[in-house]
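An overview of the molecular structure
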Amino acid sequence: MKVLPSASELPPGVTLVEAPAVDPAEADALRALYRDMLAIRRFEERVAEYYAEGLIPGFVHLYIGQEACAVGAAAAMEEGDRFVSYHRGHGHHLARGSRFDRMFAELFAREDGYCRGRGGCLHITDTSVGSLGANGIVGSGLIIANGAGLTSRLKGDGRVTVCFFGEGASNQGKFHEALNLAAVWRLPVFFFCENNGYGESSPQAWTTSVEHIAVRALGYGMPGLVCDGNDVLAVREAACRAVARARSGGGPSLIEAKTYRWRGHFEGDPETYRDRSEVEAWLERDPLRLLVRRLEEAGLWSEADGEALEAELKEELDRAATFARESPEPDPAALLRDIWAPPDDRAGGAGGPGASAAAGAPDFAGAADSGGVPHLAVAPDAAGPPSTASSAEPRLATGLEAVQEALIEEMRRDPSVVMMGQDMHQGVYGVSTAVYEEFGPERVRPTPISENAMVGCGIGAAMTGLRPVVEIMFADFLMECMDPLVNQAPKLRYMTGGQVRLPLVVRVPGGSGFAAGAQHSQCLEALFTHVPGLKVACPSTPADTKGLLKAAIRDDNPVIFFEHKALYYEGGEMPDTDDPIPFGVADVKRQGTDVTVVAVQAMVGRALRAAETLEAEGISVEVVDPRTLVPLDKATILDSVRKTGRLVVVEEGALTGGVGAEIAALAAEEAIEYLDGPVVRVAAPDTPIPFSPVLEELVAPDEERIAAAVRRALGREGS
C-alpha cells in the first residue's frame, strides 16, 4: 500500500517531509509523544464504550488512527500558541493538555464539562490550552484561525495559530478565502490538513480534483508540505518547519498529513463505502506501533514501560469517568445563561453612557514587522477630535459623518479596535476613507472580496483580544457570509459555556432608492433578529448612529449594525455629548395621543413627516423609534400602545415575516386589552427590488402610505 508520493512526484514548492532518525538524547520527549498518543487512543476507546452504553448523547466522531497528527503538531507548538479544531477534536485538545475528567463530563453533557454540557463532541472547547473551539461546520475553523493570527500580528506577541481540518474542507470556498487572506497578510498561522482519505463516506478521488491537498498551497504563494500522518516524528518535523516560518514573520504554510481513521465517520456509521482489506492494511500502520517499534530498536522503550503506562492511564481514565458520572446535569435555570457576555468594565462597559477609556486595552506596541509595516502603537488616551461637550448649541452632521466620527473616536480611545473590509481606502460611500487616512492599513485593513474571510477573521480576532469592526459593502452581501454570522459568532460563547467573548461589529449599508436593483438594495434586518446571540441596531438619525455605533464597538457581543444608505446624506443635529447610547432603549421621536407609529430606520423620518400632515387633520401621532431590534425595548412600545390604543408599524423590509409582524405579535400578546383596533403593518411588498426608478418608488413606504395606514387604524379611511 503506497501512502506517500515520492519527492519527484510533487511539483516545485511542495516538499515531502520525512521523519528524522531517533535521537537518544530526546528519550524523554519521545516517550512523551508515545504517552500522549496512547492517552488519546485509550480515551477514545472509552468514549466508544460509553457511547454504546448510552451515556453519551448525540453524535460522536472518534480520532482513533490519527493520533500522530495531533501529537506531532502539538509538539511543535509553544505555550500560548493557539489552535482551531474541527468535529474530530478530542485528540487535538488532549494533545495540548486538556483533562480527561472534564472532557468526559462534557461528552456526558454534564455541568462540570468544559462547555458545561452545551458543546459536546462536535464543539468541545478548552480555552485554557489555547483552543478556539472544535467546529461542527466544515471549513469554518479556517477563517476563524486567521483572526487569531491577526491578533498575534498586531500585538507582536510571537504566537502561532494552528488550524486543523480534514481534506473535505479543502473543497469549501472558505478554505480558499482563508488561505488567500492569510497569505496576503502574512499571518502567523499554519493550516494542517488531516487527510484520512474520506469526506464522510466519499473517497477523495470522487470529490477532489487533486491527489495531494498540499498542491493547493501553490495557488496562494505559500509552502506545501506532505508528510506521513501516521509517523509522529514526520508530523513533528513538518509542523516545526511551519511553526518556525509563521513565528519568524514568513507567513502561513499548508501541511497535508496522510493518515486514516480506523472507525467510521461517526459511531454507528455502517461503513459500506470501504472494504475490510483496506482497513486492515492501515491497521498495520498503527501510529503507536510505528513509534514504539522505533523506540524499542533504539533501546528507549521496553515491554515493562508499556505495561506501566497502560496501568497509569487506566487509573487516570477510571477516575475521570467517575468524575464525569458524578457530575450534575446542567441546571434547567441555566438554559439562557451565556447567550450574552456581561458588560466588561475594562472596555468601558457594553456601550453604557459615561463609559470610561479602555484601561485594560491590550498593549500593541512593537517593532516593525518583516514587511516594513509598523505594529500598532496608539495610546488609549491619544488626542481625539475637538470635543463637542462644551458646545453651546448642537451642531449639524450627516449620517456618514456620524459613522466616521464614531469610528475615529473609538479607535483613538481603544487601540484594540481594528477595521477590515473591501476597499477601506475608498469604498463605495467613502465612509472608511477618513478612518483609513488617520490609522493606516494596519488598523484599517483592506481585504479581498471575501465576505466569509472578513467576518470569520473578525470572529477569531474578537475571541483573542481585538475589537474588530467589519464593513460589508451592501446588506445583500451578508448572504455570502451566513455561516460566520449565524453559525459562529452568535453561538460560540454559548457553545463554549461562556469561555469566550465576541466583541464583533459587522457594519453594513442597506436600503433602496438608488436604482441598484434587487441584489444591492435589500433591508434584511428582520432576518437577523431570528438568530439568538446577535444584536441588531438600526439607527435613524446621525446622533443615534454615532451613539449606537460607539456602544456596539464597546459591546462584548456580536452586533450587526445596519446603516441606511439614504441616511448617509441626510443631516441632523448632533448633541453636545460623545457618550454611547445604550442598546435596548427606544426613543419617542414625537409625542402623541391618538395612535402609535413604530418606525424602523429610514422610515422614522417619513413617519415624522406623515405625522405633521396628520396633525393638520386633528390626528395626534406618537412616533417610536426602537433604534435597536435586538435587544428590543418592549416596555416603551407597550407603554405607548397603552396610551394611544392604536398601533401602526412601518418598515422598509418585505412585509411577510418582518419586524412589524414581531411587534404586532408583541402588542397582541401583552397589550391586547388596550388596543381599540387591529394593528396595521406598512412595509415593502413581497417583491425583489426593481431597477426601474418608477417601480422602485413603489417599494419603500412613503409619507402618503404611512398617513393612509394611520387613518385606517383610526377608521378614517375616507378622510
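Quantities reported herein were computed from a predicted structural model and do not represent experimental measurements. (Residues numbered from 1 in each chain as written. Predicted model: local features only at pLDDT ≥ 70, side-chain atom pairs only at ≥ 80, totals over all residues. Heavy atoms only, no water.)

Structural notes on the overall build of the protein chain
- Per the secondary structure count, the protein chain includes 23 helices and 22 strands.
- For 719 residues, the compact-globule formula gives about 27 Å, and the C-alpha radius of gyration of the protein chain, at 28 Å, lands near that figure.
- Dimensions of the protein chain, computed from C-alpha atoms along their principal axes, come out at roughly 100 × 55 × 45 Å.
- Relative to its full complement of 719 residues, the protein chain shows a buried share of 58%.
- Within the protein chain, residue pairs in contact and separated by at least 24 positions form 80% of the contacts whose partners lie at least 6 positions apart.
- Of the charged side chains in the protein chain, 67 are positive and 104 negative; the average position of the first set lies 1 Å away from that of the second. (Helix = DSSP H or I, 4+ residues; strand = E, 2+ residues; numbered from the N terminus. Rg over C-alpha atoms; globule rule 2.2 N^0.38 Å. Buried < 20%, exposed > 50% of the residue type's maximum accessible area, 1.4 Å probe, protein only. Contact = heavy atoms within 4.5 Å. Lys, Arg positive; Asp, Glu negative; His and termini not counted. Charge placed at Lys NZ, Arg CZ, Asp CG, Glu CD.)

Some details on the sheet that holds strand β4 (residues 189-195)
- Overall, parallel pairing links the six strands, which are arranged β1-β7-β8-β4-β3-β2 in an open sheet. Of all the strands in the sheet, the pair left with one neighbour each is β1 (14-17) and β2 (82-84). Each strand of the sheet is rotated relative to its neighbour by a mean of 20 degrees, with strand direction disregarded.
- In the sheet, β4 pairs with strand β8 (residues 253-258) via six bridges, with the strands oriented parallel. Bridging from a neighbouring strand, Asn195 pairs with Lys258 of β8.
- Packing of helix α6 (residues 173-185) onto the sheet brings it into contact with β3 (161-166), β4 and β8, and relative to β4 it is tilted by some 150 degrees.
- In the packing of helix α8 (residues 232-247) onto the sheet, contacts are made with β1, β4, β7 (224-228) and β8, and the angle to β7 comes to roughly 160 degrees. (Pairing = 2+ DSSP bridges. Axes fitted to C-alpha atoms, helices over the stretch in contact; angles between N-to-C directions.)

With respect to the nonpolar core
- Judged by nonpolar contacts, the single largest core of 109 residues is most densely connected at Phe191, Ile472 and Phe528.
- At eight residues, helix α14 (residues 451-463) tops the list of elements feeding residues into this core.
- Here Ile472 is in contact with Glu451, Met454, Val455, Phe477, Leu478, Cys481, Val506, Arg507, Val508 and Pro509, once residues within four sequence places are set aside.
- In terms of nonpolar packing, the next biggest core, distinct from the first, is built from 80 residues, Phe100, Ala234, Ala246 and Leu300 among them. (Core = buried A, V, L, I, M, F, W, Y, C linked by side-chain atoms within 4.5 Å.)

Examining the confidence of the model for the protein chain
- Looking at the protein chain, the pLDDT average stands at 91 and 93% of residues meet or exceed 70.
- Note on residues 346-391: pLDDT is under 50 here. Beyond four places in sequence and across chains, it has 93 contacts. (pLDDT = per-residue confidence, 0-100.)

Points about the packing of helix α20 (residues 634-644) against helix α21 (residues 659-670)
- Closest axis-to-axis distance for the α20/α21 pair is 11 Å, and the angle between their directions is 65 degrees. Viewed along their axes, α20 and α21 form a crossing whose handedness is right-handed. Along its contact with α20, which presents Lys634, Ile637, Leu638 and Arg642, the element α21 presents Ile663, Leu666, Ala667 and Glu670. (Left-handed = near helix turned anticlockwise from the far one by under 90°.)

So, the pattern of salt bridges
- Scanning the model with the defined rule gives 56 salt bridges in all.
- Ionic pairing is found between Arg294 and Asp231, a salt bridge with its closest N-O pair at 3.4 Å. One end of the pair, Arg294, is in helix α10 (residues 287-297); the other, Asp231, is in the loop between β7 and α8, and 63 residues separate them in sequence.
- Residue Asp231 is classed as buried on the basis of its relative accessible area, which comes to 15%.
- Here Asp556 ties to Arg467 by a salt bridge, and the two come within 2.5 Å at their closest N and O atoms. Here the residue Asp556 occupies a position in the loop between α18 (542-554) and β15 (559-564), and Arg467 occupies one in strand β12 (residues 467-471), the gap between them amounting to 89 residues. Each member of the pair, Asp556 as well as Arg467, is classed as buried.
- Connected through salt bridges with shared partners, the residues Arg395, Glu405, Glu409, Glu410, Arg413, Lys546, Lys550, Arg554 and Asp578 form a single ionic network. (Salt bridge = Lys/Arg side-chain N within 4 Å of Asp/Glu carboxyl O.)

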